[in-house]
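# Architecture and fold: a report
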Amino acid sequence: MQLDAEPRSGNYIQSVSAEMVRINGQEFRGHVIVSAGQIIADWQPRPIAELQLEDFQAALDGQPETILFGTGARHRFVSNFLLTAIMSQGIGFEVMSTAAACRTYNLLLGEDRRVVAALLLPEPA
């Protein structure tokens, strides 16, 4: 899916599929965390059912307003414990498909918001 955005500055997501995400012309084929100023290509979270706060530490380090968690081709739920742990720090935490997270990330980035997208690629088992 090609994404349209008018880049101002930062790391814009250009396209996304089940196998990869393209950010600023570079393809990423594994789990990735992206913010305006950083791309973390070696993100290794636990399986969705086992996710802990520590799995999102790299995203939290940038002190974002919101973390968008892309769970693959379809929306998958995370534990209430994880939601509460992140949101109790005053950070919004939205869980959605990876494509939706990419679109939302670009929109919020275009509004100069402090947003981080934590994206699962490829589709988790």
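A short tour of the structure in this document, coming up. Since we're looking at a predicted model, the values are computed, not measured.

### Quick look at the overall build of the protein
Secondary structure summary: the protein contains three helices and eight strands in total. Starting at the N terminus and walking to the C terminus, you meet the elements of the protein as β-β-β-β-β-α-β-α-β-α-β. Computed over the C-alpha atoms, the radius of gyration of the protein is 13 Å, within 12% of the 14 Å expected from 2.2 N^0.38 for a compact globule of 125 residues. Seen along its three principal axes, the alpha-carbon backbone of the protein occupies a region of about 35 × 30 × 20 Å. Among the 125 residues that make up the protein, the fraction classed as buried is 46%. Summarising the internal contacts of the protein: among those between residues at least 6 apart in sequence, 62% fall at separations of at least 24. Summed over all atoms, the accessible surface of the protein reaches about 6500 Å², with 49% contributed by carbon and sulfur. Taken together, the 9 basic and 14 acidic charged side chains of the protein have centroids lying 3 Å from each other.

### Digging into helix α2 (residues 80–87)
The periodicity of an α-helix, 3.6 residues per turn, causes residues three or four positions apart to be oriented the same way. Buried residues of α2: Leu82, Ala85 and Ile86, and no others. Here the buried residues of α2 occupy an arc of 90 degrees about the axis, which is enough to place them on one side. Facing away from the buried side of α2 by over 90 degrees, the exposed positions are Asn80 and Thr84.

### Observations regarding the nonpolar core
Core analysis: the largest hydrophobic core is formed by 21 residues, its most contacted members being Ile13, Val21, Val34, Leu68, Tyr105 and Leu119. Listing elements by their share of this core, those giving two or more residues are β1 (13–16), β2 (21–23), β4 (32–35), α3 (98–110) and β8 (115–119). Among the elements that line this core, the one with the most residues is α3, at seven residues. Non-local contacts of Tyr105, meaning those with residues more than four positions away in its chain, are made with Asn11, Ile13, Val34, Ser35, Ala36, Leu68, Val115, Val116 and Ala117. Counting residues in each nonpolar core, the second largest holds 19 residues, with Ala59, Ile67, Ala118 and Leu120 among its members.

### Focus on the pairing of β1
Within a regular beta strand, the side chains point alternately toward one face of the sheet and then the other, so they alternate between its two faces. Two strands pair when backbone bridges link them, and β1 and β2 are joined in this way by three bridges, in the antiparallel orientation. The partner of Val16 across the bridge, within β2, is Val21. Hairpin connection from β1 to β2: four residues lie between these consecutive antiparallel strands.

Definitions and cut-offs
Residues numbered from 1 in each chain as written. Predicted model: local features only at pLDDT ≥ 70, side-chain atom pairs only at ≥ 80, totals over all residues. Heavy atoms only, no water. Helix = DSSP H or I, 4+ residues; strand = E, 2+ residues; numbered from the N terminus. Rg over C-alpha atoms; globule rule 2.2 N^0.38 Å. Buried < 20%, exposed > 50% of the residue type's maximum accessible area, 1.4 Å probe, protein only. Contact = heavy atoms within 4.5 Å. Areas by Shrake-Rupley, 256 points an atom, 1.4 Å probe, with all protein chains shown as cover. Lys, Arg positive; Asp, Glu negative; His and termini not counted. Charge placed at Lys NZ, Arg CZ, Asp CG, Glu CD. Arc of directions from axis to C-beta. Core = buried A, V, L, I, M, F, W, Y, C linked by side-chain atoms within 4.5 Å. Pairing = 2+ DSSP bridges.

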